[in-house]
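Summary of the model geometry
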Amino acid sequence: MMALLHRRSREVVCQQAVELVTDYLDGALSRPARRRLERHLRGCPHCTEYFAQVRATIAMTGRITPDDLSPQMRDEFVDLYLRWREGEGSA
Amino acid sequence: MTVRLPALKSHRDDPDGPLLQRVRAGDEQAFITLVHRYRPTMLRLAEGYVPNQAVAEEVVQETWMGFLRGLHRFEGRSSVRTWLFSILVNRARSAGARERRTLAIGDLEPAVDGARFDTGGHWTVPPQPWTDLVDDRLTAERMAGHVRAALGDLPGRQREVVTLRDIEGLSSQEVCSVLEITEANQRVLLHRGRSRLRQLLESEFGRA
């Protein structure tokens, strides 16, 4: 009974699992902690879904593309560059 | 200004290496390509340190000047973008009217609202599946718009870390050196930021 209780206390519950996702994805969990988490995930479809959602969120964020430069800003930066190039040439 | 940047294994690891060579050789198109690629992230970073957008724009402009001036000294020990972002953060910091804000590390906001778990910590309101819906191009585009807006609403440091990690793809080590924060803080900020964005997507998909 004691052993069972002990084991149980070391088990990851859902509310803890969702706080471990970033450490897990970064490979920052200790090996035992990772094993406990993976054991939980195997038995918990909700947390498995949650982890998939975090991965999907990261993928969505990665899809954000830079805004286009306005023609005016582009000219300003070309200007900046040309001035630098002239300065380099005369240096 | 001495910033320790994580070393690259090799020059060839840097996706911007070829562009940098062209910028050095006098190719303005290569410079514009770099500006185009990094200006939005630089603005987002700068906004975390200075009072308004106009000052942020100035800081970005100064950073590019500093970048060009430092070109001949840059030895490629770090990646181009890590170097660029480091210049930016240094400039933004000195331009910032307010001191570096304290890191919201003590902020114990959970990844998921505690009301969604029972007292044993098990889900009572589990996440509704939506990841399959992302396969639809139109839906994905609409959601990307929401993510972009939500990213702007994240607390400053969370936004910076998420931008550098998940948009720019910097390693955690690179982010730590650019922002001068510890690995542990970096991960907490990333975790809070990503958790909020996931929550937003869950709400948006739930509404759709």
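Note that this is a predicted model, so its numbers are computed, not measured.

So, on to the interface of chain A and chain B. Contact residues are listed per partner, giving 43 residues for chain A and 59 residues for chain B. Of the roughly 4,400 Å² buried between chain A and chain B, counting both surfaces, carbon and sulfur atoms make up 65%. Considering only the surface of chain A that becomes buried against chain B, Met60, Ile64 and Tyr81 of chain A emerge as the three largest contributors, covering 15% of it. Put simply, chain A and chain B have 5 salt bridges between them. Measuring nitrogen to oxygen at the nearest pair gives 3.4 Å for the salt bridge that ties arginine 187 of chain B to aspartate 26 of chain A. Counting the contacts that link chain A with chain B gives 16 residue pairs in polar contact (both at pLDDT 80 or more). If you list the elements that add at least two residues to the side of chain A that touches chain B, you get α2 (14-25), α4 (45-62) and α5 (71-90) of chain A. Per-element tally for the side of chain A that touches chain B: the top contributor is α4 of chain A, with 13 residues. Along the lines of polarity and charge, the residues of the side of chain A that touches chain B split into 25 nonpolar, 8 polar and 10 charged.

Take the confidence of the model for chain B next. Residues and elements named next belong to chain B. Averaged over all residues, the pLDDT of chain B equals 85, while 88% of them reach at least 70. Across chain B, helix α1 (residues 17-24) holds the top mean pLDDT of 93, while helix α5 (residues 137-153) sits lowest at 84. For the stretch residues 98-106, pLDDT sits under 50, and the model shows 22 contacts to residues farther than four places along the chain or on other chains. Model confidence for the complex: the whole-complex pTM is 0.74, and ipTM, which rates the interface, is 0.76.

A word on the nonpolar core. Counting residues in each nonpolar core, the largest one holds 62 residues, and the members touching the most others are Phe31, Trp64, Phe67, Leu68 and Leu179 of chain B. If you tally residues by element for this core, the top one is helix α2 (residues 28-47) of chain B, at 10 residues. In contact with leucine 68 of chain B, not counting residues within four places along its chain, are Leu80, Tyr81 and Trp84 of chain A together with Val23 and Phe31 of chain B. By size, the runner-up hydrophobic cluster in this structure holds 20 residues, among which are Cys14, Ala17 and Ile58 of chain A together with Trp123 of chain B.

The rules behind each value
Residues numbered from 1 in each chain as written. Chains lettered and ligands numbered in written order. Predicted model: local features only at pLDDT ≥ 70, side-chain atom pairs only at ≥ 80, totals over all residues. Heavy atoms only, no water. Contact = heavy atoms within 4.5 Å. Buried area = accessible area lost by both parts, 1.4 Å probe. Salt bridge = Lys/Arg side-chain N within 4 Å of Asp/Glu carboxyl O. Polar contact = N/O pair within 3.5 Å; in protein donor to acceptor, adjacent residues only side chain to side chain. Helix = DSSP H or I, 4+ residues; strand = E, 2+ residues; numbered from the N terminus. Nonpolar A, V, L, I, M, F, W, Y, C, P; charged D, E, K, R; others polar. pLDDT = per-residue confidence, 0-100. Core = buried A, V, L, I, M, F, W, Y, C linked by side-chain atoms within 4.5 Å. Buried < 20%, exposed > 50% of the residue type's maximum accessible area, 1.4 Å probe, protein only.

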